[in-house]
Amino acid sequence: MHPERQYQDGFEWRRATPAEVMDAARKHERLIEGRIGGARFSFVLHDLRGAVLSTLNLTDADLTGSRLDQAQLVGTRLRSASLFACDFRLACLRQADLSKSDLRGVSMRGADLTKARMREADVREAVLAVYRGGKPLPETFDGRIPDLTSAIAIGADMSDSRMNGSWTLNADFTDANLAGVDLRGADLRGAVFKGANMQGANLSESRLHGTSFAGALLTDTIFNDAILEDANFRGAIMESTLISRLRGKGATLPGEGGDSARPVAEMVEEHAVWVGAAGRSGVRADLSGRDLTGLNLSGRNLTAAKMAFAVARRLVLTGASLVMADLECVDMQDAVLVGVDARGANFERAHLNGADLQNANLGLLESAEQPDRKWPVRLTRARLRGANLRGANLRGAILREADLTGADLRDAQLEGVILDGATTAQVRSR
């Protein structure tokens, strides 16, 4: 384990008052707008612990070496700012913009970076010499290695940032955009990358003990000499060549998991008995993580089946029942689901690019005993690029942040559909 951040004995950060900070922020805004009286927001080696800086525009500000632990920076704009060796421990940076900023040697231990933007940020190792009387102190400033341990970066955009060598233990990058990120030599033990976009990322020589990439997009990702013991890749989108290279290194790979010893056909038969007997006999099918590529399960009853993280490319399910089934992070690219009944099913983070869902029932499941009780189909953050949804019932479906680029929605029933944050470019609707 790495040592806790220590501060030098005898060195005191200058404490800035809230009035000083707000006055500097106003002058910085005038500078950005090109008005008279403007001046750069500059608090080098200052104590700004707990400061409230939310929503301020601090683009190009200089906060080199300052303490901002537990500060409030919600929605703060810090693009291209100098944040060299800053301390953001436990700070709230939700929806903040730190794109292209200098974050070398930064500490973000336990910080909340939910939906923050850190595109092209520099988060590499650094050393900062502290000067007094024009001469550097004998010891250098601590925090040379960037520390994102236990940070919460759900939905953050860190694409093309440089984070090589960073400590990122137990951090949560669920649904984050990490395309092209440089994480060479990083310590990522216990980190969570569930559903993250890591296309083209470089994780060479990184430590990935117990790291989860479940449902992540890992095409063109580099894992040269990475330590993969107990890493979880179930439901991840990876090239077959990469899967072959990682096999035998202690990780759970796509298509591995669940009750792999039993034939799928046998499990489906017993599941149909389980459904017909309302659970009194038969066995509920657990196909989680299984490799179902190219199988034909047309017309089969898979109501309430467990299929999360399964690899099911080109799976044929024409006319099948998937009512209330769990298909989270399933890889159903190019699958055939024509006329499938999937009311109330969970497709969160499912990969359905190119899937044929023509005339599928993805509407609300209504309770026979309680008419006011309804279960919508969940397609939050599902990838449906180029999917055929022509004539499908999507009434009440939840498609928050789903990618529907190029999907065919002609004649689809869309009453009550929730599309908050969804990508709908080039969608065909008429």
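On a predicted model such as this, the values are computed, not experimentally measured, just so you know. (Residues numbered from 1 in each chain as written. Predicted model: local features only at pLDDT ≥ 70, side-chain atom pairs only at ≥ 80, totals over all residues. Heavy atoms only, no water.)

(A) Molecular detail of the environment of Cys-92. With respect to the element layout, Cys-92 can be found in the loop between strand S2 (46-47) and strand S3 (128-132). Separated by 24 residues in sequence, Cys-92 and Leu-68 have C-alpha atoms that sit 9.9 Å apart. Excluding anything up to four places from it in sequence, Cys-92 contacts Ala-71, Gln-72, Leu-73, Val-74 and Asp-112. (Helix = DSSP H or I, 4+ residues; strand = E, 2+ residues; numbered from the N terminus. Contact = heavy atoms within 4.5 Å.)

(B) Region of interest: helix H1 (residues 18-33). End to end, H1 covers 23 Å across 16 residues, agreeing with the expected 22 Å (1.5 Å per residue, within 8%). For H1, every residue scored as buried is listed here: Val-21, Ala-24, Ala-25 and His-28. All buried residues of H1 project into a common sector of 105 degrees when viewed along the axis, lining one side. Phi for Gly-34, located one or two positions after H1, is positive at around 75 degrees. (Expected span 1.5 Å × (residues − 1). Buried < 20%, exposed > 50% of the residue type's maximum accessible area, 1.4 Å probe, protein only. Arc of directions from axis to C-beta.)

(C) Representation of the packing of aromatic side chains. This structure, assessed with the given rule, holds 6 aromatic pairs. Aromatic pair Phe-213 and Phe-223: ring centres 5.9 Å apart, planes at 90 degrees, arrangement edge-to-face. Remark: Phe-223 occurs in the loop between strand S4 (135-141) and helix H2 (240-246) and Phe-213 occurs in the loop between S4 and H2; sequence separation between them is 10 residues. Relative accessible area serves as the criterion here: at 0%, Phe-213 is assigned to the buried category. Their ring planes at 10 degrees and their centres at 4.9 Å tell us that Phe-213 and Phe-233 sit as a pair that is stacked. Taken together, the positions of Phe-213 in the loop between S4 and H2 and Phe-233 in the loop between S4 and H2 put the pair 20 residues apart, joining distant regions of the chain. For Phe-233, a relative accessible area of 0% translates into the label buried. Ring-pair connections join several aromatic residues into one group, and the members of that group are Phe-173, Phe-193, Phe-213, Phe-223 and Phe-233. (Phe/Tyr/Trp six-rings, centres within 6.5 Å; stacked < 30°, edge-to-face > 60°.)

(D) Seen up close, the nonpolar core. Formed by 70 residues in total, the largest nonpolar core has its most connected members in Phe-88, Met-108, Phe-223 and Phe-233. Mapped onto this core, the elements with two or more residues apiece are H1 and H2. The contact partners of Met-108, leaving out residues within four places of it in the chain, are Phe-88, Leu-93, Leu-98, Leu-103, Leu-113, Met-118, Asp-147, Leu-148, Thr-149 and Ala-151. Ranked by size, the runner-up nonpolar core spans 48 residues in total, among them Val-264, Leu-362, Leu-389 and Leu-409. (Core = buried A, V, L, I, M, F, W, Y, C linked by side-chain atoms within 4.5 Å.)

(E) Examining the side chain of Thr-221 more closely. Its location among the elements puts Thr-221 in the loop between S4 and H2. Here Leu-218 takes part through its backbone oxygen, which lies 3.0 Å from a polar atom of the side chain of Thr-221. The contacts of Thr-221, once residues within four sequence positions are left out, are Met-198, Gln-199, Gly-200, Ala-201, Leu-203 and Leu-242. (Polar contact = N/O pair within 3.5 Å; in protein donor to acceptor, adjacent residues only side chain to side chain.)

(F) Geometry of unusual backbone geometry. Residues other than glycine seldom take positive phi values, yet Leu-90 does so here, at roughly 60 degrees. If you trace the backbone, Leu-90 turns up in the loop between S2 and S3. Phi angles above zero are rare outside glycine, and Gln-95 is one such case at about 60 degrees. Position of Gln-95 relative to the elements: it lies in the loop between S2 and S3.

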